[in-house]
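Fold and geometry: a report
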Amino acid sequence: MPSTVIVGAQWGDEGKGKVTDLITSDYDFVVRFQGGNNAGHTVKHGERTLALHLMPSGIMDEVAIPVIGNGVVIDPGVLVEEMEMLETEGISCKNLKISCDAHVIMPYHKDFDGADEKRLGENKIGTTKRGIGPCYQDKAARKGIRIQDLLDEKIFRLKIEAALSQKNPILEKIYGLAPYTVDQICEEYLPYARILKPFMTESAQLLNTALREGKNILFEGAQGTLLDIDHGTYPYVTSSSCCAGGAAIGAGVGPTAINKVLGIQKAYITRVGGGPFPTEQRYIEDGGSPEESIIGNLFCTEGHEFGTTTGRKRRCGWFDAVIARYAAEVNGLTDVALTKLDVLSAFETIKVCTAYECEGKIYDYFPMQQSVLFHAKPIYEELPGWKGTDISTCRSFEELPENAQKYVEYIEEIAGVHISIIGVGQDRQQTIVRGWTSK
Ligand code: GDP
Ligand code: IMO
Ligand code: MG
């Protein structure tokens, strides 16, 4: 029963969607286990390029059964829209399974998300404003509404009534926003319930039965290690467990069911939203020097670094081995997929951060105090590049220019990981498989 977890090993957008699509054919199930439509996973499958937010990226394979696990928070309108989009593209959603225990994003969650960010002003997290945080907040407070509550109109009405008695005064009195009526919400949500009902399942039972039958499961993480609520750069994080351990909780399987953890790392790093980012090459508009800004913009244009969900320009910087080592530890990575190596073809020389310096102290491990991360000065090793050589047609490690091979080997050594997949382009064919096996 080989099961694999795919996790983002940085701040998200590492290329999880592409890698999931690439390896899904080896699995019987593909499962999203946390997050919601804050995720944006771009998949180029044949002639089609699709952005998926809630649906597991493996759905484009049309063989593995797609599952939305209990740990996911679902905006039903977005899910229905995504299903319609896929059907229009000729991709069937008939096998989709949705956990009855997944929580539902309500309209007031989105209101609170936006209003909270406004209130925080300069200190805002930079959320996707999809209502993710407030929905998980209600889940933890035991006040949430679950997918199964949509099955019974009477129960749903009662739960909404109870929720609104608390939410409406906050919306009105604290944020100056319009309150909701029970009818208003029912009118919007009950039609979605009728569409989604045939797909609702006890997904933990389904997956555990599959495991007993020797089936293979691929767990597709959203966001990334440094956005994890426990292990990320709190409070500049998302509200779920994006690390590999989250797969067991968010899908309802035991940790012993997982035998491979594939960390996805970009050959450089990006981040959207606020928070510390030691190797960032800031844009002029963000206070960067002209030199920094040239590098940041080169990453952005060569890597098309614009958010899949919000369209925001991503912050960009050099590869950070301190983060890579940390991600290897907290996720128990068995393998790494290094994506977007092709983007580095634009640089004469390539920097890798090996450690940080802060107030005379050297940190070669992830610092305990967040303030250190804010003030950390990266210590770089500068490696020769392969500027001008197009590596997007390389299909084996040996075909890569010598300096590109050395870069990959250097990262393996300094981060203590095995890089078994290398991405050299957006297309699924633009991949070098270097010893990856699902077994
Ligand atoms: P995810 O959220 O981790 O799935 O990543 P996103 O889809 O948000 O962002 C990654 C972007 O990089 C997408 O547009 C991918 O199609 C693209 N991509 C993935 N791997 C590669 C690669 O190896 N090279 C290039 N040039 N693009 C890639
Ligand atoms: P994928 O799955 C990159 C970031 C937001 C913000 C913080 C909190 O595509 O890698 P939230 O809306 O979750 O409360 O926002 O997390 N963020 C992501 N950044 N990729 C993502 O998903 C992200 N999902 C959330 O920008 O900084
Ligand atoms: Mg993304």
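Residues numbered from 1 in each chain as written. Chains lettered and ligands numbered in written order. Predicted model: local features only at pLDDT ≥ 70, side-chain atom pairs only at ≥ 80, totals over all residues. Heavy atoms only, no water.

**Structural notes on the side chain of E82**
Applicable threshold: Each helix corresponds to a stretch of at least 4 residues labelled H or I by DSSP, and each strand to a stretch of at least 2 residues labelled E; elements are numbered beginning at the N terminus. Categorising residues by exposure relies on relative accessible area from a 1.4 Å probe, with only protein chains included: less than 20% of the type maximum marks a residue as buried, more than 50% marks it as exposed, and the intermediate range marks it as partly exposed. A residue counts as positive if it is Lys or Arg and as negative if it is Asp or Glu; His and the chain ends are not included. Each reported salt bridge corresponds to a side-chain nitrogen of Lys or Arg within 4 Å of a carboxyl oxygen of Asp or Glu. Any pair of N or O atoms that falls within 3.5 Å is considered a polar contact. Within protein, one atom must be able to donate a hydrogen and the other to accept it, and sequence-neighbouring residues count only if both atoms are side-chain atoms. Any two residues whose heavy atoms approach within 4.5 Å are treated as being in contact.
When you line up the elements, E82 lands in helix 2 (residues 76-88). Buried charge without a partner: E82 forms no salt bridge, and the closest opposite charge is R32, 6.7 Å away. A polar side-chain atom of E82 sits 2.9 Å from the main-chain amide nitrogen of M55. Apart from the residues within four sequence positions on either side, E82 is in contact with L52, H53, L54 and M55.

**Re the site of ligand 2**
Condition: To be near a molecule or strand, a residue needs just one of its heavy atoms within 4 Å of it. In these tables, accessible area is a Shrake-Rupley quantity obtained with a 1.4 Å probe, and a residue counts as shielded only by the protein chains included in the view.
Every one of the 20 residues lining ligand 2 counts as a neighbour, but K16, H41, T128, Q223 and T238 are closest to it. Here an oxygen atom of ligand 2 sits 2.7 Å away from a polar atom, N or O, in the side chain of K16. A distance of 2.6 Å separates an oxygen atom of ligand 2 from a polar atom in the side chain of T128. Coverage of ligand 2 by the protein chains reaches 97% of its 550 Å² of free accessible surface.

**Quick word on the site of ligand 1**
To be explicit about the condition: Think of it as three bins: nonpolar holds Ala, Val, Leu, Ile, Met, Phe, Trp, Tyr, Cys and Pro, charged holds Asp, Glu, Lys and Arg, and polar takes everything else, Gly as well.
Lining the immediate environment of ligand 1, one finds 18 residues, of which K16, G17, T42, D342 and Q426 sit closest. The contact in question runs from an oxygen atom of ligand 1 to an N or O atom on the backbone of G40, over 2.9 Å. Separating an oxygen atom of ligand 1 from a backbone N or O atom of V424 is a distance of 3.5 Å. Within the complex, the protein chains bury 93% of what would otherwise be the 580 Å² of accessible surface of ligand 1. Put simply, the parts of the chain that give the shell around ligand 1 at least two residues each are helix 1 (16-23) and strand 3 (41-45). A class-by-class count of the residues in the shell around ligand 1 yields one nonpolar, 10 polar and seven charged.

**Overview of the state of the cysteines**
Filter applied, for reference: In this description, the term disulfide denotes a pair of cysteine sulfurs within 2.5 Å.
Going through the model one piece at a time under the given rule, you end up with zero disulfides. With no disulfide of its own, C353 lies closest to C358 among cysteine sulfurs, the gap being 13 Å. C353 sits in the buried class, given a relative accessible area of 0%.

**Quick notes on the pattern of salt bridges**
Pairing between side chains of opposite charge can happen when the charged atoms of each approach one another. All chains considered together, the criterion is met by 22 salt bridges. Of the charged contacts, one joins K16 and E14 as a salt bridge, the two residues approaching to 2.8 Å between their closest N and O atoms. Take K16: its relative accessible area is 3%, and that puts it in the buried class. What makes E14 buried here is its relative accessible area of 1%. Among the charged side chains, a network of salt bridges with common partners joins D13, K266, E305, R314 and K340.

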